[in-house]
Amino acid sequence: MSYSDDAFALGRRVATPLPAVFDGAVSGLSAAGAVTRLRRLTVEQNRLEAERAAVLTRLYDLRDDARRVREETSRRFVDDWDELVAEVGAALGIGRTAAGSAVHRGLDLRERCPRVFELFAAGVVSPAVVREVLRASAAVVDEDVALAFDERITAWLTARSGQSLSVRAVTDAAKGVLVRLDPAAARETPPAPPRERLEFHTRADGLVDLEAVMPKHEALRLSALIGPVAQSVCRDDGRTLGQRQVAALVALAEGYEALACLCGKESCDLRQARPRTGAVSQEIRALAVIVLNESDLADAMASGTADAADAHDHDAAPPEPDPDLFTPDPDAEVDAGDPDSSGIDAGRGAVILTGDPGITGPVTVEQAREMIAAMETQWRVVGRRNPATGEVHARGAGGYRPTWYQLLVMRLTYPTCVFPGCSTPSDRCQADHVTEYDHHQPTEGGATTVAGHGSPGNLVPLCGFHHRIKTETGWLSDLLLDGTVEWRHPAGGVHTVPPGTARDLLPGLERIIWDVPEPAPPKPKNPDGLTTAAKRRAKARRALRAENQLLRHRNHERQKVESEVRQREHEHACAESAGEEYDDTAPLQPPPF
């Protein structure tokens, strides 16, 4: 069903009661009252959005003042803007790009369009109208032109206060104002989004929109082809990843397997595009990992197919499995544990991991089997079950670098970067030790472990940007028992990021026991006994984590007491309404479920 379908024609009915907090204020509204209330709520929503923009500019001002008076720091990879963007992204629950854009929009409103900001603060205009006004004037560089634009577009919006304005009408009005003030700054409007299938659409800015809708296994092959070609130039090429991907798609269609580098250096060996040796590529190797429960895996093996199981580590080539532990054996194959032995229904689902976030994600067992049948695949097992105890054992890491199987489980547990608001796929992230790894005394630092039986592990995916934020700023992460990642900022505020849903589809992941080999011998410490900055920072963070654990325990006890008080008051009120005498010393009644 689409949200554009006629709900009346579909026969939809409202039978579920409203949430209790809305019941009294909404249930008694008439049709006219509901429309009036919607208008008031829209004004209030607009005002709150404007206040959020104002708060962002205030936070920027505070951080800017602190930056100007602070002494030079020892940071190497992040600056004050990076730290501000991380702080805003965590507070708003959005990624790095969206957080930076939100700050810039607030600054543009305050500095470039103060009169539009006044309308926004009064709730007269919507966030969509404000975004379109700012987008239309983005190319204005002259301050006098910006001031005149702000005055004229505000007058236009004020004259139409209370009227229904479409975004297109605002776009045309802003463009009309700019054409008279600064024609060069007038923004071209792209056409409507293209429809399905394979279509080309010319845009007003000289580019072309291409949309292709295809089966997932075909998209996987195409993504695997484009990736290496887009990376076939040197670092000084100058083009963005998107530009190189488009060039790679055209080069593949023309019969080339490498791009011509545009760095301009005579010494560059990649200046010439390299054609293919043949007109058609006979074999395309697309990398994917299809993870199934053991019961579904056995059915696929019986049909003569095999599971695709290969992926790449962000900083090392995948090691070959230990033949003593991971030799495929139809009687002992374990991909994600045996759901039947734990009383969980079989066939709950599967997960596909690829290098393309548009293809990665949960699928049904039937879809996974279709992909297995459509591609040449091979088996790998995550672990072996002990027939005597039913425990699933897998090989863990004895040093700093995780094994390929640990990285696989980490990416299944956390599908994206675990920093609040970040959505970078975990396949493009780095494996971060939540509790810092001690290279000199490995047994004293954070272990190289992932989620398994009775433990949340110590490895989580962090994108390069947020990994540097954690390393060089005051952000502190901690891993709770249920796999939730807790973040604390030195200025205050706690943010929690839960694990993904893969463990619901693959319940055997929670039963893996990681067998860790003997740790590597410790490295000799500095002969002069000096403590490095990293060691001092790790020691301070261990102390902070201990304090945070105590705070969590106190908060849990306080919430438990408050919950008991509320339940006692509720039982007392129920007894009074029934005309009964309530015994304050009696145990609390259990919940009705």
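Residues numbered from 1 in each chain as written. Predicted model: local features only at pLDDT ≥ 70, side-chain atom pairs only at ≥ 80, totals over all residues. Heavy atoms only, no water.

### Here's the deal with the sheet that holds strand E14 (residues 494-497)
In space, the 3 strands of this open sheet follow the order E12-E13-E14, with antiparallel pairing throughout. Of all strands in the sheet, those with a lone pairing partner are strand E12 (476-479) and E14, marking the two edges. Across the sheet, the axes of successive neighbouring strands diverge by a mean angle of 20°, strand direction being ignored. As defined by bridge partners, strand E13 (residues 485-488) adjoins E14 across 4 bridges and the pair is classed as antiparallel. In the strand pairing of E14, Val 485 is matched with Val 497. (Pairing = 2+ DSSP bridges. Helix = DSSP H or I, 4+ residues; strand = E, 2+ residues; numbered from the N terminus. Axes fitted to C-alpha atoms, helices over the stretch in contact; angles between N-to-C directions.)

### Examining the packing of helix H8 (residues 143-159) against helix H9 (residues 167-181)
Axis separation between H8 and H9 bottoms out at 10 Å; the angle between their running directions is 140°. Between H8 and H9, the interaxial angle falls into the category oblique. Note that H8 runs across H9; the crossing there is right-handed. Counting all contacts with H8, which are made through Val 145, Ala 148, Phe 149, Arg 152, Ile 153 and Trp 156, the residues of H9 involved are Ala 169, Val 170, Ala 173, Ala 174, Val 177, Leu 178, Arg 180 and Leu 181. Of the residues belonging to the contact of H8 with H9, the class tally is 12 nonpolar, no polar and 2 charged. (Parallel < 35°, antiparallel > 145°, perpendicular 65-115°, else oblique. Left-handed = near helix turned anticlockwise from the far one by under 90°. Contact = heavy atoms within 4.5 Å. Nonpolar A, V, L, I, M, F, W, Y, C, P; charged D, E, K, R; others polar.)

### A look at the side chain of Ser 137
Its location among the elements puts Ser 137 in the loop between helix H7 (127-136) and H8. Judged by its relative accessible area of 3%, Ser 137 falls in the buried class. Apart from residues no more than four positions distant in its own chain, Ser 137 is found in contact with Arg 112, Phe 149 and Leu 178. (Buried < 20%, exposed > 50% of the residue type's maximum accessible area, 1.4 Å probe, protein only.)

### A look at the packing of aromatic side chains
Think of a pair of aromatic rings as described by two things: how far the centres are apart, and how the planes are tilted against each other in angle. Scanning all chains against the criterion turns up 6 aromatic pairs. Taken together, a centroid distance of 4.9 Å and an interplanar angle of 85° make the contact between Trp 404 and Tyr 405 edge-to-face. Look at Trp 404 and you get buried, because its relative accessible area is 4%. Each residue in the set Phe 419, Trp 475 and Trp 487 is aromatic and connected to the rest through ring pairs, giving one cluster. Sitting over the face of the ring of Phe 465, Arg 96 holds its NZ or CZ atom 3.9 Å from the ring centroid. (Phe/Tyr/Trp six-rings, centres within 6.5 Å; stacked < 30°, edge-to-face > 60°. Lys NZ or Arg CZ within 6 Å of the ring centre and 35° of its normal.)

### Quick word on helix H10 (residues 216-230)
The end-to-end C-alpha separation of H10 is 21 Å, in line with the 21 Å expected for 15 residues at 1.5 Å each. For H10, the set of buried residues is Leu 220, Ile 226, Val 229 and Ala 230. The inward-facing, buried residues of H10 contact helix H11 (241-254), strand E3 (256-258) and helix H14 (365-374). (Expected span 1.5 Å × (residues − 1).)

### Overview of the pairing of strand E11 (residues 459-462)
Covered by surrounding structure in E11 are Leu 459 and Pro 461 together with Val 460 and Leu 462, the residues of both alternating faces. Strand direction decides the pairing type here: strand E10 (residues 430-433) and E11, joined by 4 bridges, are antiparallel. Residue pairing for E11: His 433 is matched across the bridge by Leu 459.

### So, the state of the cysteines
Inspection of the entire model under this criterion finds 0 disulfides. No disulfide involves Cys 268; its nearest neighbouring cysteine sulfur is the one of Cys 263, lying 3.7 Å away. (Disulfide = S-S within 2.5 Å.)

### Quick look at the confidence of the model for the protein chain
Summing up the model confidence of the protein chain, the mean pLDDT is 76 and the portion of residues at 70 or higher is 79%. Predicted confidence is poor over residues 303-347, with pLDDT under 50, and the contacts of this stretch with residues over four places away or in other chains come to 118 contacts. (pLDDT = per-residue confidence, 0-100.)

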